[in-house]
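If you want the building blocks of each chain, they are given just below.
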Amino acid sequence: MIEIDFYRHTYTCPYCNKEQAFETGDHNEQRTGYCVHYINRDECHDNTDLAIYHLLCRNQHCQEITVVGYNYKNKKQWDIIPENVYRRYPNYIPQQIRDDYTESSLIIEKSPKAAATLLRRCLQGMIHDFWNIKEKSLNAEITALKDKVTASQWKAIDGLRSIGNIGAHMEKDVNLIIDIDVHEAQQLQKLIELLLEKWYIARHDEEVLFADIARSAEEKQDKRNGK
């Protein structure tokens, strides 16, 4: 679901993940990047207050449109554009891992069981690829991971064991479809996002930084040597 606070007038762009403020009013305002359409109670069939928010991302490198509906009476939100929220990850993360994550995000509210299956496979793929750990089950692989990651990371991963049927079925086939609710699937999704950030993205950023420092040092040494 798109992260938006209708009372503080802030939202996180689902495309670039940048948090930003927006204004409200009964008219369009291109300069500030918002457009709000209100439906009064007398005009609404179920006697509620509704608003449709059209939000233009202020990030100059994004500028994507987000459209959200909100019922002020029952506090219900509808994500219209985009209908599904998920992160776009760079190409240095293996394609299969990105595909499993994306597909699970597209169906997580409609079919949390299928989404959880894809996310469990995504987690196992990350453990295989990033840590080169391959055991008889995902449960065993998580156990083998304990001494390779920080205590806080492993605690989050191990927390899967306490999430209903996810933990109960880790000894079985990772592709087994299990019973799970939306909240549990979303917790698993957040874990995958955390690990992608902590493992792949952090490693890539570290490698880029180290390469830049090494290049700068080499260039300075060349200048000292008159090259």
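Look up a bit, the structure's there.
Residues numbered from 1 in each chain as written. Predicted model: local features only at pLDDT ≥ 70, side-chain atom pairs only at ≥ 80, totals over all residues. Heavy atoms only, no water.

### Some thoughts on the side chain of Thr12
Worth spelling out the cut-off: Helix and strand assignments follow DSSP, with helices taken as H or I runs no shorter than four residues and strands as E runs no shorter than two, numbered in order from the N terminus. Throughout this description, buried means an accessible area under 20% of the type-specific maximum (1.4 Å probe, protein chains only), exposed means over 50%, and partly exposed covers the range between.
Structurally, Thr12 is set in strand β2 (residues 10-12). Judged by its relative accessible area of 12%, Thr12 falls in the buried class.

### Topic: the packing of aromatic side chains
Spelled out, the test is: The rule is short: rings of Phe, Tyr and Trp, with Trp giving its six-membered ring, pair when the centres are within 6.5 Å, and they are stacked under 30 degrees, edge-to-face over 60, tilted in between.
Here the structure, examined in full by the defined rule, presents 13 aromatic pairs. Considering the side-chain rings of Phe6 and Tyr72, the 6.5 Å spacing of their centres and the 70° angle between planes classify their relative orientation as edge-to-face. In this pair, Phe6 sits in the loop between β1 (4-5) and β2 while Tyr72 sits in the loop between β7 (65-71) and β8 (76-81), placing the two residues 66 residues apart along the sequence. For Phe6, a relative accessible area of 5% puts it in the buried group. A relative accessible area of 23% means that Tyr72 is categorised as partly exposed.

### Some points on the sheet that holds β1
In plain terms, the rule: Pairing between strands is defined by DSSP: at least two bridges between the two strands are required.
The sheet built from 3 strands is open, its strands ordered β1-β2-β3 with antiparallel pairing. Either end of the sheet is taken by a strand with one partner, and the two such strands are β1 and β3 (19-21). Pairing of β1 with β2, which is carried by 2 bridges, proceeds in the antiparallel orientation. Looking across to β2, one finds that Ile4 is bridged to Tyr11.

### Some remarks on the side chain of Thr117
Inclusion rule: Within 3.5 Å is the distance limit for a polar contact, defined as a pair of N or O atoms, with the added protein rule that one can donate a hydrogen and the other accept it, and that residues adjacent in sequence qualify only through two side-chain atoms.
Among the secondary structure elements, Thr117 is positioned in helix α2 (residues 112-131). Within polar-contact distance, the side chain of Thr117 engages the backbone oxygen of Lys113 at 3.0 Å.

### Some points on a nonpolar patch on the surface
Heads up, the rule is: Exposure above 30% relative accessible area and no salt bridge define the residues that can form patches, which grow by joining like charges within 9 Å and nonpolar side chains of Val, Leu, Ile, Met, Phe, Trp and Tyr within 5 Å. Surface accessibility follows the Shrake-Rupley procedure with a 1.4 Å probe radius. Residue values consider only the protein chains on display as shielding. What makes a salt bridge here is a side-chain nitrogen of Lys or Arg within 4 Å of a carboxyl oxygen of Asp or Glu, nothing more.
A contiguous nonpolar surface patch, about 270 Å² in accessible area, is contributed by Trp78, Ile80 and Ile81. Counting through the fold element by element, Ile81 comes out in strand β8. Residue Ile81 is classed as partly exposed on the basis of its relative accessible area, which comes to 41%.

### Quick look at the nonpolar core
Formally: Among the buried residues, those of types Ala, Val, Leu, Ile, Met, Phe, Trp, Tyr and Cys that are joined through side-chain atoms within 4.5 Å form a nonpolar core. Should any heavy atoms of two residues lie within 4.5 Å, those residues are counted as being in contact.
Counting 32 residues, the largest nonpolar core has Met126 and Trp199 as the members making the most contacts within it. Secondary structure elements with two or more residues in this core: α1 (95-107), α2, α3 (138-144), α4 (151-158) and α6 (182-224). No other element matches α6, which puts 9 residues into this core. Ignoring anything within four residues of it in the chain, the contact list for Trp199 reads Met126, Ile127, Phe130, Trp131, Leu145, Val149, Gln153 and Ile157. Within the second largest apolar cluster, 13 residues are counted, among which are Ile2, Phe6, Tyr11 and Cys62.

### Regarding the packing of α1 against α2
Rules: The axes are straight lines fitted to the C-alpha atoms, using for helices just the contacting stretch, and the angles between their N-to-C directions are given from 0 to 180°. Under this scheme an angle from 65 to 115 degrees is roughly perpendicular, one under 35 degrees roughly parallel, and one over 145 degrees roughly antiparallel; angles in between are oblique. Helix crossings are classified by the rotation of the near helix relative to the far one: an anticlockwise turn of less than a right angle makes the crossing left-handed, while a clockwise turn makes it right-handed. As a working rule, the residues Ala, Val, Leu, Ile, Met, Phe, Trp, Tyr, Cys and Pro are called nonpolar, Asp, Glu, Lys and Arg charged, and the rest polar, with Gly in that last group.
It is at 8 Å that the axes of α1 and α2 come closest, and there the two elements cross at 160°. When the axis of α1 is compared with that of α2, the two are roughly antiparallel. Considering only the axes of α1 and α2, their crossing is left-handed. From α1, Gln96, Ile97, Asp100, Tyr101, Glu103, Ser104 and Ile107 reach across to α2, where they touch Pro112, Ala114, Ala115, Leu118, Leu119, Arg121, Cys122, Gly125 and Met126. Its residues assigned to classes, the contact of α1 with α2 comprises 10 nonpolar, 3 polar and 3 charged.

### Quick look at the pairing of β7
The element β7 is largely enclosed, with a buried count of 6 among its 7 residues. In the sheet, strand β6 (residues 50-56) pairs with β7 via 7 bridges, with the strands oriented antiparallel. The residue of β7 that forms the bridge with Leu56 is Ile65. Sheet topology places β7 next to β8; 5 bridges connect them, and they run antiparallel. Paired with Tyr70 across the two strands is Gln77, which belongs to β8. The turn linking β7 back onto β8 is made up of 4 residues, and Lys75 within it adopts a positive phi angle of 60°.

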